Amino acid sequence: QVQLVESGGGLVQAGGSLRLSCAASGRTFSIYALGWFRQAPGKEREFAAAISWRGSITNYADSVKGRFTISRDNAKNTVYLQMNSLKPEDTAVYYCAAKLGSPGGRPYEYDYWGQGTQVTVSS
């Protein structure tokens, strides 16, 4: 079992930056691939970024590529999502998730989820 708690969300103007954190507890954090997903009101949950258990492989959705950076610190059991050049369309609840295996982009692949943190980007 892995427990995940996100933090760092908030309100920011378009063009600004935020860094999300996701702290994990429970079973060995370092063996899990981690992903960030987001869900806007009335929309399905969508993939944003994922990172392999050693941090050597990262994947990004086209919509965030070049603006978002995912990273992890296994010593601190934490994964981060640095979000730059934010746009109003980035407004959503952001979730981190954990899975064994490769850092995929499909929500159903992930076994553990946090409660989410709200990110609101004003125009």
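The structure reproduced in this document is the subject of the present report. Quick caveat: nothing in here was measured; it's all calculated off a predicted structure.

## Quick word on the environment of leucine 81
Piece 1. Positionally, leucine 81 belongs in strand 8 (residues 78-83).
Piece 2. Considering only alpha carbons, one finds leucine 81 and glutamine 13, 68 residues apart in sequence, at a separation of 18 Å.
Piece 3. When residues no more than four places from it in sequence are discounted, the contact partners of leucine 81 are Leu18, Arg19, Leu20, Trp36, Ala49, Phe68, Thr69, Ile70 and Tyr94.

## Some remarks on the pattern of salt bridges
Piece 1. Counted by the stated rule, this structure contains four salt bridges.
Piece 2. When salt bridges that share partners are traced, they join Arg38, Glu46, Arg67 and Asp90 into one network.

## Overview of the side chain of serine 52
Piece 1. Along the polypeptide, serine 52 turns up in the loop between strand 5 (46-51) and strand 6 (58-60).
Piece 2. Classification of serine 52 as buried rests on a relative accessible area of 6%.
Piece 3. Not counting residues within four places of it along the chain, the set of residues in contact with serine 52 comprises Ala33, Ile57, Arg72 and Pro103.

## Structural notes on the state of the cysteines
Piece 1. Applying the stated rule across the entire model yields one disulfide.
Piece 2. Disulfide partner of cysteine 22: cysteine 96, at an S-S distance of 1.9 Å. Note that cysteine 22 is positioned in strand 3 (residues 18-26) and cysteine 96 in strand 9 (residues 92-99), a separation of 74 residues in sequence.

## Thoughts on unusual backbone geometry
Piece 1. The phi torsion at asparagine 77 lies on the positive side, around 55°, for a residue other than glycine.
Piece 2. Its place among the elements puts asparagine 77 in the loop between strand 7 (68-73) and strand 8.
Piece 3. In this structure asparagine 77 comes out as partly exposed when scored by relative accessible area, which is 27%.
Piece 4. Positioned with a positive phi, serine 85 is a non-glycine residue whose angle comes to about 50°.

## A closer look at the packing of aromatic side chains
Piece 1. Enumeration according to the criterion identifies six aromatic pairs in this entry.
Piece 2. With a centroid separation of 5.9 Å and an interplanar angle of 80°, the aromatic rings of tyrosine 32 and tyrosine 112 are classed as edge-to-face. In this pair, tyrosine 32 sits in the loop between strand 3 and strand 4 (33-39) while tyrosine 112 sits in strand 10 (residues 112-113), placing the two residues 80 residues apart along the sequence.
Piece 3. With 5.1 Å between their ring centres and 50° between their planes, phenylalanine 37 and tryptophan 113 make a pair best called tilted. Of this pair, phenylalanine 37 sits in strand 4 while tryptophan 113 sits in strand 10; the two residues are 76 residues apart in sequence, bridging distant segments of the chain.
Piece 4. One aromatic cluster in this structure is built from Phe37, Phe47, Tyr95, Tyr110 and Trp113.
Piece 5. Of note, arginine 45 hangs over the ring of tryptophan 113, and the distance from its end group to the ring centre comes to 4.8 Å.
Piece 6. Just above the ring of tyrosine 110 sits the side chain of lysine 99; from NZ or CZ to the centre is 5.9 Å.

Cut-offs and rules
The written sequence of each chain sets the order in which its residues are numbered from 1. Local features are withheld for residues below a pLDDT of 70 in this predicted model, meaning they are given only at 70 or higher, and side-chain atom pairs are given and counted only at 80 or more; totals for whole chains, interfaces and linings count all residues. Here the side-chain values reflect all heavy atoms present in the structure, with hydrogen atoms and water set aside. By the criteria applied, helices consist of DSSP H or I runs no shorter than four residues and strands consist of E runs no shorter than two, each listed in order from the N terminus. Should any heavy atoms of two residues lie within 4.5 Å, those residues are counted as being in contact. The term salt bridge refers to a side-chain nitrogen of Lys or Arg lying within 4 Å of a carboxyl oxygen of Asp or Glu. Relative accessible area decides the class of each residue, using a 1.4 Å probe on protein chains only: under 20% of the type maximum gives buried, over 50% gives exposed, and in between gives partly exposed. Disulfides are defined as pairs of cysteine sulfur atoms found within 2.5 Å of each other. Any two of the Phe, Tyr and Trp rings considered here, Trp counted by its six-membered ring, make a pair once their centres fall within 6.5 Å; the pair's planes then place it as stacked at under 30 degrees, edge-to-face at over 60, or tilted in between. By the criterion adopted, a ring carries a charge over it if an Arg CZ or a Lys NZ lies within 6 Å of its centre and within 35 degrees of its normal.

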